[in-house]
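Fold and geometry: a report
Next come the chains, spelled out residue by residue.
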Amino acid sequence: MSTSSTALLARRSIRARLGRTIAIAVAITAGVSFVVGSFVLADSLRDVFTDLFDELSEDVDLQVRSVQEFDTNDAREPIEVTLVDEVRAIDGVEVAEPTLTRYAQLINDEGEAVSPAGGPTLGVSWEGDAGIQGVTIREGVPPEGPDEVAIDKATADRERISIGDEVTYLTDTGQHTGTVTATIGLGDTDSFGGAALVALDLDTALDKFGADGKVDTIDIKVADGADVAAVEAELESVLTNTVEVITGEQVAEESAEGVNEFVDLFGNGLLIFAFITTFVSGFIINNVFQITIGQRLRELALMRAVGASGRQVRRMIVGEALILGIVATILGVFGGLAVARLLITAFNAAGAGFPSSATVIQPRTVIIAFLVGVGITMLSVLVPSRRAARIPPVAAMRPELGFGALGRRRLIGGVVVTIVGLVMFLVGMFAQPGGTQGLIFFAGGGGLLLFVGVASVSSTIARPVTRAIGWPIDKLFKVPGALARENVARAPRRTSSSAAALMIGVSLVSAAAVFASSLRTTFVDTLENAITADYIVTDDSFQGLSPVVAETLAEVPELSAVTPVRGISGQVEGDTKSFGAVDAIAFEELVDPDLQEGTIGGLSENGVLVHTDPAGDLDLEIGSEVEVLYQNGETSTLTVEGIYGDATFGNWLISLDTLEAVSDAPARDFFIIGKLADEVDAETGDAAVAAAIEEFPQANLQTNAEFRESQEAQINQLLVIISLLLAFAIVIAVLGISITLALGVFERTREIGLLRAVGMNRRQTRRSIRWEAVIVSTFGAIIGIVLGTFLGVVLSLAVPDDIISKLAFNPTITVIILIGGVVAGLLAALYPSFKASNMDVLDAIATE
Amino acid sequence: MNTPAPPSPPSPPKVAAAGAVDATKIYGVGDAQVRALDGVTVAFEQGKFTAIMGPSGSGKSTLLHALAGLDTLTSGDTYIGETYLSTLDDKQLTELRRTKVGFIFQAFNLIPTLTAEENIRLPMMLGGESGDAEWIDTVVTTVGLRERLSHRPSELSGGQQQRVAVARALASQPQIIFADEPTGNLDSTTGAEILDFMRRAVREYGQTIVMVTHDPGAASYSDRVVFVGDGKITGDMDEPTADGVLDHLKQHGV
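Residues numbered from 1 in each chain as written. Chains lettered and ligands numbered in written order. Predicted model: local features only at pLDDT ≥ 70, side-chain atom pairs only at ≥ 80, totals over all residues.

A word on the interface of chain A and chain B
For clarity, the threshold we go by: What counts as a contact here is a pair of residues whose C-beta atoms, placed from the backbone, lie within 7 Å. Segments assigned H or I by DSSP are reported as helices when at least four residues long, segments assigned E as strands when at least two residues long, and all are numbered from the N terminus. Gly counts as polar in this scheme, as do all residues outside two lists: the nonpolar Ala, Val, Leu, Ile, Met, Phe, Trp, Tyr, Cys and Pro, and the charged Asp, Glu, Lys and Arg.
Facing 21 residues of chain A, the contacting portion of chain B comprises 21 residues. Only helix H12 (435-490), helix H20 (749-757), helix H21 (762-798) and helix H23 (841-846) of chain A provide two or more residues apiece to the side of chain A that touches chain B. The residue makeup of the side of chain A that touches chain B, split by class, is 10 nonpolar, four polar and seven charged.

Next comes the structure, spelled out in structure tokens:
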């Protein structure tokens, strides 16, 4: 038999068993689609953002800005506006445009804050021409002097503000008024990427924004014919060493990089779920191959009898799988485009605001799709094809000679794989060797091995466990129940492999549930014990809150203590640390950080409070001095004045004065906490605080309880998102149970025919198959819950104590998962039970 | 349908446990048409052991399946007791098979996941009934299975499995038992044993059995042989002997 005849047989075999072939193909296609979709989505987003930033900095040849001593997300230090003239004096500089972007909030006639839905509200300096930032006048003339402003056309239209109207706006320095002289847009659009804009001339902006004579950057356009590199060199010689000059390409690159970091994170997160889905598909493909090779035993033995070698039989099986894998992968690549679109729609429905085009298929994506799709198929068929090759020719005549028992070897193999997987997982989680890659290799790889091992070992407990699950069904549903129970128990290996796919999905959901519960419990505990504040004001705009908000709140007489929480990065002994900055006196009243030594309230300028962990690592005690380098090059020597044990507010705390002394970057608060004075009742207090905060639409006021609830809701939401992403894998798992069951029904055609002949009606037949599915799926769900709870506990123990310090379990979710398991079984049984009950009795009995 | 349905036949005669009236079964269309049953009218008396004989393709199995409510006719009708089967829907047919009919097939008679006893009780269990305990006990004793009741089919020999099948057919005291080559897979000694049980069930307990066979030896256990050829009844013989049956077959050139 030549290779071509093997190929012919493989092709014929695929065609002859179309239903099974389609089922395997669906499993492969689904996995590949998810993988491709994740890549396409991430690549498309990257593309869109890169284009966007390229366009934005299209006219910027060079940019002058302050130097950052180390990489950080802190805002760059502003630069002196006087530099603009120096820059303009340089040969070849055609335009030098200072940029200044700060907080500015329009207030309408009723005194209410005007806010685009969820978008930021910004104030910018604008010199009146199109400039190199692409500002275009829609109507009117540029604002000049302290009493004139321009606003974006979208906001003007929405708020019905026309040229000549007087508007009120709020900045970091307080409330101001101005006459609208122009409506503006960005290029052809009426708005600025969803932001509401107040534009002032440079001097007015410097003054009203409290910029203190400093701007963010100076954007430069080089004259036609001038050499950009020469201008850059010239600039470098003029500028001091705290200021640098970079090219427009670098500007675009860096802006895109910032967004791409997020895109990468997002894309990699999706990929994890995509690979889980593929992994689950692999289980199903393997199971289907195992079963069908068992069913084709006679055919394969006949081939051996007429002269095919074991190798040829194996090649035929592998050939079938290869054709299937390739075809399904091609479908999966196209499916991936649909998945990317679906994901965009889903995330946009949740408010993500992604651009809707997703069409970037890189060659890398296609290569990975084939590696995954064809690879998983080949791996799945490895063991079944070897078994097929070992079928003795005589099995054609005596089918009972089929496959030797693999029980013991399988069990030993399963136990070994489980233990290796477990050890790797634990090492990965706790010892964490080799950073992120180590985590992927040890924890991820260990997790996969653990699943494979448990799936394999679970066949040895399948019989007793499924008999136990089946007991009430047996008692309740008599003959159909008893038959279901027996049918599950008669093939423990098949039962465990078809339940394995669901087991994986369920265990991941369970692990996430334990993790989320523990996270929530730890968090609630902290809120209850450590934070005595009554109010928490958070920021909805992702820009941070203007200090005006905290200042306004501090003046509310009903509040006895208010502090903003601000942050700055600083390097201690070469490592970048996050410092929290607070009003220490108010902080002491609002938070109990579990002080071990020293004091909080007396925190002086250049004093620092340190958490016990870094204090231990760096050998710090009260009175120790710490050298800190900030991103703008400033340094300070801080003295340790207190050591505390609760890391809710980070590991390092300094006073606001300390921060302001070293940084000129615009101050932005992460959140603000405050407390009612003793004699004020909650109702009066709530009203007073709400009234004070009204003019800041980005500021989100919550009471302690509301904050707790919203944080809990966020944790729950996270769990829901994880579950939804796992839904793909779970749907495939249900499909797997369905396929296995349908194959089982096919195998038992005669038996079902006989039952029907002696008087089992269609309903009883359906019921019997249905309960069989439910027992299998419940078995998978139970193992999944046990394994998942274990994984969740390990995960919760492995994360640092300041994130999770208490283990918690959520019985409700466990019950929901169990019910979900039963429902999964019912769904999986739909097709097989229909098929079984609609069999022609006579045909069924006559089946060989 | 080519043949018009016959006028509603009169109530079946009281003495017949089952029968067919002008039963016709046609497979295929046009030139490829095969008449598996060609207007067969036959009745099977109560309390008798009747054998249906005929060569392969004669229509004997089709007749048995139609009588048992497993197959439908192109025209004509079959009845069990006073019930015409064409008047029943699938649910009623299932109910009829469960309560009024017993089956013994050539092979694969038992559900592998159930014990011998459970297999025997299966039709009653499916109906949620427990059956007549005394009678089931008698049946079990008669077929000599007491020691094997808790065994699964895979732990029983071929002969023992067929005995369980006979016991199951008898256990629910059906109106009629249909047997399709029940000894076809057994050696002659074991086959004789099974046939003997069947004959005793008829003689001692008044059971009605209709059996399809192509073995004259097996037919000789019966009270009457109905010969089928080319979808028609070609002969009828009471109190047959093996030689008598063979002679008949030879005369008809089979």
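Let's talk about helix H1 (residues 60-67) of chain B
Let me state the cut-off plainly: With C-beta atoms placed from the backbone, the exposure class of a residue follows from how many other C-beta atoms lie within 10 Å of its own: 20 or more, buried; 12 or fewer, exposed; in between, partly exposed.
In terms of burial, H1 of chain B is largely enclosed, as eight of its eight residues are buried. Of the residues flanking the end of H1 of chain B, it is Gly-69 of chain B, one or two places downstream, whose phi is positive at about 80°.

With respect to the sheet that holds strand S3 (residues 93-99) of chain A
Residues and elements named next belong to chain A. Heads up, the rule is: For two strands to count as paired, DSSP must find a minimum of two bridges between them. Between the N-to-C directions of two axes lies an angle of 0 to 180 degrees, each axis being a line fitted to C-alpha atoms and, for a helix, fitted only over the stretch in contact.
Taking strand neighbours across the sheet as the criterion, the four strands line up as S3-S12-S1-S13 in an open arrangement whose pairing is antiparallel. Edge positions in the sheet fall to S3 and strand S13 (243-247), since each of these pairs with one other strand and no more. On average, each strand axis in the sheet is tilted by 20° relative to the strand beside it, whichever way the strands run. Where strand S1 (residues 62-66) and strand S12 (residues 217-222) come together, three bridges link them in antiparallel fashion. Across the sheet, residue Gln-63 finds its bridge partner in S12, namely Asp-219. Sheet contacts for helix H7 (residues 248-295): S1 and S13; angle to S13, the most-contacted strand, approximately 90°.

Observations regarding the packing of helix H13 (residues 492-530) of chain A against helix H19 (residues 704-747) of chain A
All names here are of chain A. Our working rule: For classification purposes, an angle smaller than 35 degrees is called roughly parallel, one larger than 145 roughly antiparallel, one from 65 to 115 roughly perpendicular, and anything else oblique.
Direction vectors running N to C along H13 and H19 enclose 175°, while the axes themselves pass 9 Å from each other. As the angle between them shows, H13 and H19 are arranged roughly antiparallel. Across the contact of H13 with H19, the residue classes break down as 22 nonpolar, seven polar and four charged.

A few points about the sheet that holds strand S1 (residues 16-27) of chain B
By definition, the strands of a sheet pair up through backbone hydrogen bonds, in either a parallel or an antiparallel sense. Residues and elements named next belong to chain B. In spatial order, the strands read S2-S1-S4-S5; together these four strands make up an open sheet with antiparallel pairing. Unpaired on one side and paired on the other, strand S2 (34-45) and strand S5 (83-84) mark the two borders of the sheet. Where H1 meets the sheet, it contacts S1, S2 and strand S4 (75-80), and its direction lies at approximately 120° from that of S1.

Quick look at the packing of H12 of chain A against H13 of chain A
Residues and elements named next belong to chain A. Interhelical geometry of H12 versus H13 gives an angle of 105° and a closest axis separation of 7 Å. Considered as vectors, H12 and H13 are oriented roughly perpendicular to each other. Residues Phe-451, Ala-455, Ser-458, Ser-459, Ala-462, Arg-463, Thr-466, Val-488 and Ala-489 of H12 form the contact with H13, whose participating residues are Pro-492, Arg-493, Thr-495, Ser-496, Ser-497, Ala-500, Met-503 and Ile-504. By residue class, the composition of the contact of H12 with H13 is nine nonpolar, six polar and two charged.

Focus on the environment of Arg-12 of chain A
Along the chain, the position of Arg-12 of chain A falls in helix H1 (residues 3-16). When the C-alpha positions of Arg-12 of chain A and Leu-426 of chain A are compared, they lie 47 Å apart, and in sequence the two are 414 residues distant.

Quick look at helix H10 (residues 363-389) of chain A
Counted only if it meets this: Residue count minus one, scaled by 1.5 Å, sets the expected span of a helix. At any given residue, the bend is defined as the angle formed between two axes, one fitted to the seven residues that end at that position and one fitted to the seven that begin there.
Across its 27 residues, H10 of chain A extends 37 Å between first and last C-alpha, which sits within 8% of the 39 Å expected from 1.5 Å per residue. A maximum bend of about 40° is found in H10 of chain A at Leu-382 of chain A, where proline Pro-384 of chain A lies one to four positions downstream.

A look at the environment of Glu-558 of chain A
All names here are of chain A. Position of Glu-558 relative to the elements: it lies in the loop between helix H14 (547-554) and strand S15 (559-572). Judged by local crowding, Glu-558 falls into the partly exposed class, with 19 C-beta atoms found within 10 Å. For Glu-558 and Val-689, which are 131 residues apart along the polypeptide, the C-alpha to C-alpha distance reads 8.0 Å. Residues in contact with Glu-558, not counting those within four places in the same chain, are Leu-676, Ala-677, Val-680, Thr-684, Gly-685, Ala-688 and Val-689.

With respect to the pairing of strand S19 (residues 625-630) of chain A
Within a regular strand, side chains alternate between the sheet's two faces. All names here are of chain A. Only one face of S19 is covered, namely the face carrying Val-626, Val-628 and Tyr-630; the face carrying Glu-625, Glu-627 and Leu-629 is uncovered. As defined by bridge partners, S19 adjoins strand S20 (residues 635-644) across five bridges and the pair is classed as antiparallel. Pairing of Val-626 across the sheet is with Leu-638, part of S20.

Regarding the confidence of the model for chain B
All names here are of chain B. To keep things clear, this is the line we draw: On a scale of 0 to 100, pLDDT captures the predictor's confidence in every residue.
With 93% of its residues at a pLDDT of 70 or more, chain B shows a mean pLDDT of 86. Within chain B, no element has a lower average pLDDT than helix H8 (residues 242-251), which sits at 85, and none a higher one than strand S8 (residues 209-213), at 94. Across residues 1-8, confidence stays below pLDDT 50; counting only partners more than four residues off in sequence or on other chains, it has eight contacts. For this predicted complex, the interface confidence comes out at an ipTM of 0.78, alongside a pTM of 0.76.

What about the pairing of strand S21 (residues 652-655) of chain A?
All names here are of chain A. Taking every second residue as pointing to the same face, both faces of S21 are buried, with Trp-652 and Ile-654 on one and Leu-653 and Ser-655 on the other. Of the pairings in the sheet, the one linking strand S16 (residues 575-582) to S21 comprises four bridges and is parallel in character. Across the sheet, residue Val-582 finds its bridge partner in S21, namely Ser-655. Examined bridge by bridge, strand S18 (residues 607-611) and S21 share two bridges and lie antiparallel to one another. Across the sheet, residue Leu-609 finds its bridge partner in S21, namely Leu-653.

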